[in-house]
Amino acid sequence: MYSSKNMIRFAALILTAVFLMMSAGAQAAEDTRLTLDNGMEVILKESHGSPMVACIIFVKSGSRYESRFENGITHFLEHLLFDGTANKTREELDNAISDLGGYINAFTRKDGTAYLVLLPKQFIEYGLTVQADMLFNSVFPESELPKERKVVIEEIRRSADATGAAADAFFSEKAYGATDYGRPVLGYEPFINNIPRDAIIHYWKQYYTPDKMTALIIGDFDTEAMKETVARVFGGFERSAEELDFTPSEMHRRLAEGKHRTGPTLEGQVRYDTVADVQSTYVNFSIKAPPLSDLDYLPVDLLASYLSLDEISPLKAALQEGAAPLATEVGVSLQTREEFTRLEISALCESPAKADTVIAAVLAELAGTAISTVAPDVIQGIKTTVRCDDIYYAEKLHYYGFIVAPMMMAAGWDFVRDYPGLLDSVTWDHAAAAAGRWFSNPDYIVTVVRPADSAQTGFSPTDPAELEVVAFFDTAQFPEYELVEGKDLTYPDVDSVSFELVDRAVYHREVLPNGLTVLVKSGSGSEVFAVNILGKNRSTNEPEGKAGITDFVNRCFEKGTSGRDASQLASDLAAIGANLTLCDNPWIPYDDRYTSRRFSFVKFETIEPFASEGFRLCCDLLLDPVFDSAEVENVRNGMLGVLRRNAGSPTKVARDRFYGLLFQGSSFANPIMGTLESLEAITVADLKEHHRRQYSPENMIFSIATSRDTAEVLSWVRDRLGSLEPAGLAAAKVLSPALRRFDRSYAHVALEKEQIAIYAGGTLPGANADDAVDLTIATSVLSSRLYSELRERKGLAYSTGASAKIDREFGWYYLSIATGSENYREALEGLELQTDKLAFDGPRDDEVNRARNRLWGRLMSAKLSRLNQAYYLGLDEFLGREPGYDQRLVEKLQRVSVQSVRQAASRHFRPTTWAVGTAGKKP
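As the structure is a prediction and not an experimental result, all values here were calculated from the model. Residue numbers here run from 1 along each chain, matching the order of that chain's written sequence. Reporting of local features is limited, given that this is a predicted model, to residues whose pLDDT is at least 70; pairs of side-chain atoms are given and counted only at 80 or more, and all residues count toward the totals for whole chains, interfaces and linings. In computing side-chain values, all of the structure's heavy atoms are included and hydrogens and water are not.

Some words on the overall build of the protein
What counts here: Counting from the N terminus, the helices are the DSSP runs of H or I reaching at least four residues and the strands are the DSSP runs of E reaching at least two. A simple rule labels every residue: compare its accessible area, found with a 1.4 Å probe on the protein chains alone, to the largest value its type can have, and call it buried under 20%, exposed over 50%, or partly exposed in between. Note on definitions: a residue-residue contact is assigned when non-hydrogen atoms from the two residues lie within 4.5 Å. Per-residue and other accessible areas follow the Shrake-Rupley method at a 1.4 Å probe size, with only the shown protein chains counted as cover for residues.
The helix and strand inventory of the protein stands at 31 helices and 22 strands. Scored against the burial criterion, the 923 residues of the protein give a buried share of 59%. Sequence separation of 24 or more characterises 85% of the internal contacts of the protein that already satisfy a separation of 6 or more. Carbon and sulfur atoms make up 49% of the accessible area of the protein, which totals about 35900 Å².

This is the structure:
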């Protein structure tokens, strides 16, 4: 508890100011920008926290550059660039990066496409060469086109089945249909089936030239040496013969008059309503806002950040608080495009009747911002958070590209680099004045999408609106393309991967007298102070009939303590740029990778200058939550809304059915978020008692990653946590799943969706079993075979693979795929066949080597950030492994053989005993 909060805040603001000045100077010195003779822009950003380098190449080619009759060609082209070059086949490209312990991927957005590689630093020139080969020397084999069409169509179907997809598509069509940004990135199935190879090559030749590309290289390298490498790899490719205005051909102009429209200026106030296959009511605003060139842009950007703040934003309070909140989820963002900007506000309501009130409330709150006042520490907190977020993202190297991509495409690197400093010059008075000019009587489009009843068909995101599918590509309009031998490109020699981990950090482990386990990793190379709190045995500790209570408790941590209400707590966290993660974010794909039935977690990070204050705040919210009854009801309503929406997701429903079968009779059978019934049954008293037990000292593992001296950090831990009273918990015994009988069990949920999702798998031994590492390799080999056979050869799915999860005493594995319902039998049989083949025949030498390299690379990339280092330090302790276990894992990987992997797979991979959970449209 603190008796002088204002003094603490004042000190934090002074420290913030000092840090911001230091940070600004350091960043300017680190970034180097150059332009090659062929026009390719290159940004070099040194970061020596880990021995890895990422390169993200941004191409000025997105769905906004397409005509309506070639919609989806940009994304389709992105897929095809992985299908072979003049120098490497598809199979060689698939393995080129992963064989070296690296990661390769790409993504397409409305205003650009990006290609990225992440590799150990000694292999980065090879990775850049692979990128150059793909971008400039692709050959588009005719044999790959049918398969790739099927893969993209399955991706379109998967996107259409996503929660809220119909609402998003309706909003995009109505809000941006008059601009180039209204077209879906993935396109439509009829278009993908009809785009001819010549059209794809024509499009590629127009947009994939060096002068339309920017390479951002970030990681552990020497700038001068990297300049030479980049020039050597990319400098030999020619820029476009003439400056294109992004208007491809006469044929396309005839097909799509007015292509590349900025669109009419948004004027007036327009509302569109429809019904669709959604579980909640979606209200989405697109509001006219100042463009990048306008002096009001940064003030409105600051305003949008303020309105998006959880627990602080008056807009969110108006919509989400009170005895009968209007919305369970509210989002605010500024969508910046090269030509225009829109303020987007979204709200999810559980009752369609609330939509009118939500619209009125949003407009009233926006108008009120012009005359409102905001505490200076809140505005300073926004600016500090921007600075700190840049540090957090940069630690993750390849993830940094995903984060900066939107502004890279719209505004360029100079704006991305200078943004924190530019925002520093903006005050709340500037924001309020801009709000008066833009939002007192705003121009907007708002859409309302309500759940359809059984008699209504509603809006569908999969049908191309008002387009007649015809043979709209006349191949005679295209030149005859003869793809000649690729440009001169020399791949560097690479040595075999050596499994070396250079870890100079100091590890410390101790158990306090009250049972709290504390781990500290102290080392240089990062400005981040990170804490992970692991609560053991999440599902096992939950009372009967109260499934989801741990997730419920975690979501209440940020809702206030006995000394700070939710708003004050949020303000104090923002003042030190803290990042707090308590649960899965349903709006971020794959964000649930850390969420487990085995344990709960609290992840916290700030920067080292704020470490002491951050540690105290982290402990306060963890140990002293107030569980205010009104806040508890808001959290409950939000969770219930997520559960209702998840009930329409084939993947999430199939996954829950799989766990229910595999762990039948065990607490692991329960969904992590619980059920509608279990959440309704949880009381405030239940939450307080479960918090006391789940986060008692003997049930917690406190892991910290820092640059500070271990003794200093341990003194904080002992002072704040050493006096905690144990709850007297007996050591929890997690029941292993019963040995599978020699018969398969099924559970299916029928959903009217485009695809059917399949989860299938069985049991494994625990983390410290003799063959645990062999099984990890076997699972990786199986996952690669599924990808190669079911996606790359047959085109049955956009994504498929296998995964293994382990607890201390037992583990489990599962295979997953989502495919069109007509492919169900072929997909399930494909999962079975590849599993049986691995179990009976074993892997090949090259497969074992490749899996070993991939796991080593995954180990390197997973621990790029201090926050993840703290997380995995705690996880290793939970699984009974010593600190610094990575080195032992590397030694075990080196001992893995073809024979040991085959033996492990034959013992444990048995499709006849699978639990199979499915959801979707079953044929």
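As for empty space enclosed by the protein
For clarity, the cut-off: Only protein atoms enter the 1 Å grid used here. Points where a 1.4 Å probe fits but cannot escape make up a cavity, open sets with protein on both sides within 12 Å along at least five of seven lines make up a pocket, and a residue lines them when an atom lies within 4 Å of a point. Grid points are joined across faces, edges and corners, and a volume is the space filled by probe spheres set on the points.
Using the criterion set out here, one finds five cavities of 30 Å³ or more in the structure. Space inside the second largest cavity adds up to approximately 40 Å³. Leu764, Pro765, Ala772, Leu775, Thr776, Ala804 and Ile806 together form the lining of the second largest cavity. Mapped by element, the contributors of at least two residues to the lining of the second largest cavity are β19 (755-765), α26 (772-793) and β20 (800-806). When residues of the lining of the second largest cavity are assigned to their parent elements, the largest contribution, three residues, is made by α26.

Here's the deal with the environment of glycine 62
By secondary structure assignment, the location of glycine 62 is in the loop between β3 (52-59) and α2 (73-80). For glycine 62, a relative accessible area of 0% puts it in the buried group. Along the sequence, glycine 62 and histidine 75 sit 13 residues apart, while their C-alpha atoms lie 7.6 Å from each other. Sequence-distant contacts of glycine 62, defined by excluding residues within four places in its chain, comprise Thr74, Arg109, Lys110, Asp111, Gly112 and Tyr203.

What to know about the nonpolar core
Condition: Put simply, buried Ala, Val, Leu, Ile, Met, Phe, Trp, Tyr and Cys residues joined by side-chain atoms within 4.5 Å make one nonpolar core.
Ile533, Phe552, Phe615, Leu622, Leu687, Phe702 and Leu721 are the most contacted members of the largest nonpolar core, which totals 59 residues. Sorting elements by how many residues they give to this core places helix α20 (residues 611-623) first, with eight residues. Apart from the residues lying within four places of it in its own chain, the contact partners of leucine 687 are Ile549, Phe552, Val553, Cys556, Phe627, Val632 and Ile682. Ranked by size, the runner-up nonpolar core spans 58 residues in total, among them Leu36, Ala96, Phe123 and Ile201.

Some details on the pattern of salt bridges
Condition: For this document, the term salt bridge refers to a Lys or Arg side-chain nitrogen within 4 Å of an Asp or Glu carboxyl oxygen.
Scanning the entire structure with this criterion turns up 68 salt bridges. Ionic pairing is found between arginine 157 and glutamate 154, a salt bridge with its closest N-O pair at 3.0 Å. Placement of the pair is arginine 157 and glutamate 154 together in helix α5 (residues 145-161), with a separation of three residues, close to one helical turn. Its salt-bridge partner being aspartate 551, residue arginine 538 comes within 4.0 Å of it at the nearest N-O pair.

Examining the sheet that holds strand β4 (residues 103-109)
Where we set the bar: Two strands qualify as a pair provided DSSP detects at least 2 bridges between them. Interaxial angles span 0 to 180 degrees and are taken between N-to-C directions of axes, which are lines fitted to C-alpha atoms, for helices over the stretch in contact.
Spatial ordering of the open sheet is given by β1-β2-β6-β3-β5-β4, a layout of six strands whose pairing is mixed. Either end of the sheet is taken by a strand with one partner, and the two such strands are β1 (31-35) and β4. Mean inter-strand twist for the sheet, computed between neighbouring axes without regard to direction, equals 15°. Inspection of the sheet shows β3 paired to strand β5 (residues 112-120) by eight bridges, in the antiparallel sense.

Brief notes about the sheet that holds strand β7 (residues 269-276)
The sheet built from five strands is open, its strands ordered β7-β11-β8-β10-β9 with mixed pairing. Each edge of the sheet is formed by a strand with only one pairing partner; in this case those strands are β7 and β9 (329-336). If you compare each strand with its neighbour and ignore which way they point, the axes differ by 15° on average. Sheet analysis places β7 next to strand β11 (residues 444-451), joined by eight bridges and oriented parallel. Looking at β11, one finds that tyrosine 272 is bridged to threonine 447. Helix-sheet contacts for helix α11 (residues 297-307) involve β8 (281-289), β9 and β10 (341-349), and the interaxial angle to β9 is about 165°.

As for the side chain of arginine 850
Applicable threshold: Distance and chemistry together define a polar contact, namely a pair of N or O atoms within 3.5 Å, with one atom able to donate a hydrogen and the other to accept it when in protein, and with adjacent residues in sequence counting only for side-chain atoms on both sides.
Mapped onto the elements, arginine 850 comes out in helix α28 (residues 845-862). The exposure class of arginine 850 is buried, given its relative accessible area of 16%. One polar contact links arginine 850 to aspartate 99, side chain to side chain, over a distance of 2.6 Å. Look past the residues within four positions of arginine 850 in its chain and what remains in contact with it is Asn95, Ser98 and Asp99.

Topic: the packing of α11 against helix α17 (residues 428-439)
To characterise two packed helices, one gives the angle between the axes of the helices and the distance between these axes. The following threshold applies: These descriptions rest on fixed angle ranges, namely under 35 degrees for roughly parallel, over 145 for roughly antiparallel, 65 to 115 for roughly perpendicular, and the rest for oblique. Under the convention adopted here, Pro, Cys and the residues Ala, Val, Leu, Ile, Met, Phe, Trp and Tyr are nonpolar, Asp, Glu, Lys and Arg are charged, and Gly plus all remaining residues are polar.
Look at α11 against α17: their axes get within 8 Å of each other, and the N-to-C directions meet at 95°. Taken as axis vectors, α11 and α17 run roughly perpendicular relative to one another. Across the interface between the two elements, Pro299, Val300, Leu302, Leu303 and Tyr306 of α11 pack against Trp428, His430, Ala431, Ala434, Ala435, Trp438 and Phe439 of α17. Grouping the amino acids of the contact of α11 with α17 by side-chain chemistry returns eleven nonpolar, one polar and no charged.

Here's the deal with helix α6 (residues 165-176)
Put simply, the rule is: By this rule, a helix spans an expected 1.5 Å times one less than how many residues it contains.
Across its twelve residues, α6 extends 16 Å between first and last C-alpha, which sits within 8% of the 16 Å expected from 1.5 Å per residue. What α6 keeps buried is the set Ala165, Ala166, Ala167, Phe170, Phe171, Ser172, Ala175 and Tyr176. Contacts made by the buried residues of α6 are with α5, β7, β8, β9, β10 and β11.

Thoughts on the packing of α2 against helix α8 (residues 197-207)
Here α2 crosses α8 at 90°, and the two axes come no closer than 10 Å. Taken as axis vectors, α2 and α8 run roughly perpendicular relative to one another. Taken together, the residues of α8 that come into contact with α2 (itself represented by Ile73, Thr74, Phe76, Leu77 and Leu80) are Ala199, Ile200, Tyr203 and Trp204. Residue composition of the contact of α2 with α8, by class: eight nonpolar, one polar and no charged.

Digging into the confidence of the model for the protein
Rules: As a per-residue measure, pLDDT reflects the predictor's confidence and takes values from 0 up to 100.
Mean pLDDT over the protein works out to 88, with 87% of the residues at or above the 70 mark. Predicted confidence is poor over residues 1-15, with pLDDT under 50, and the contacts of this stretch with residues over four places away or in other chains come to 18 contacts. Ignoring residues within four places in sequence, the model shows residues 17-29, a span with pLDDT below 50, making 13 contacts including any to other chains.

Some words on the packing of aromatic side chains
How two aromatic rings sit relative to each other is given by the distance of their centres and the angle of their planes. To keep things clear, this is the line we draw: Between rings of Phe, Tyr and Trp, where Trp is taken as its six-membered ring, a pair exists when centres lie within 6.5 Å; planes separated by under 30 degrees are stacked, by over 60 edge-to-face, and by other angles tilted.
Within the structure shown, the criterion is met by 37 aromatic pairs. Look at phenylalanine 415 and tyrosine 419: their rings are 5.8 Å apart centre to centre, the planes differ by 40°, and that puts the pair in the tilted class. In this pair, phenylalanine 415 and tyrosine 419 are both assigned in helix α16 (residues 413-424), four residues apart and thus about one turn of the helix distant. Since its relative accessible area comes to 15%, phenylalanine 415 is described here as buried. Here tyrosine 419 falls in the buried class, since its relative accessible area comes to 18%. These aromatic residues form a ring-pair network of at least three members: Phe658, Tyr659, Phe663, Phe668, Tyr759, Phe810, Trp812 and Tyr814.

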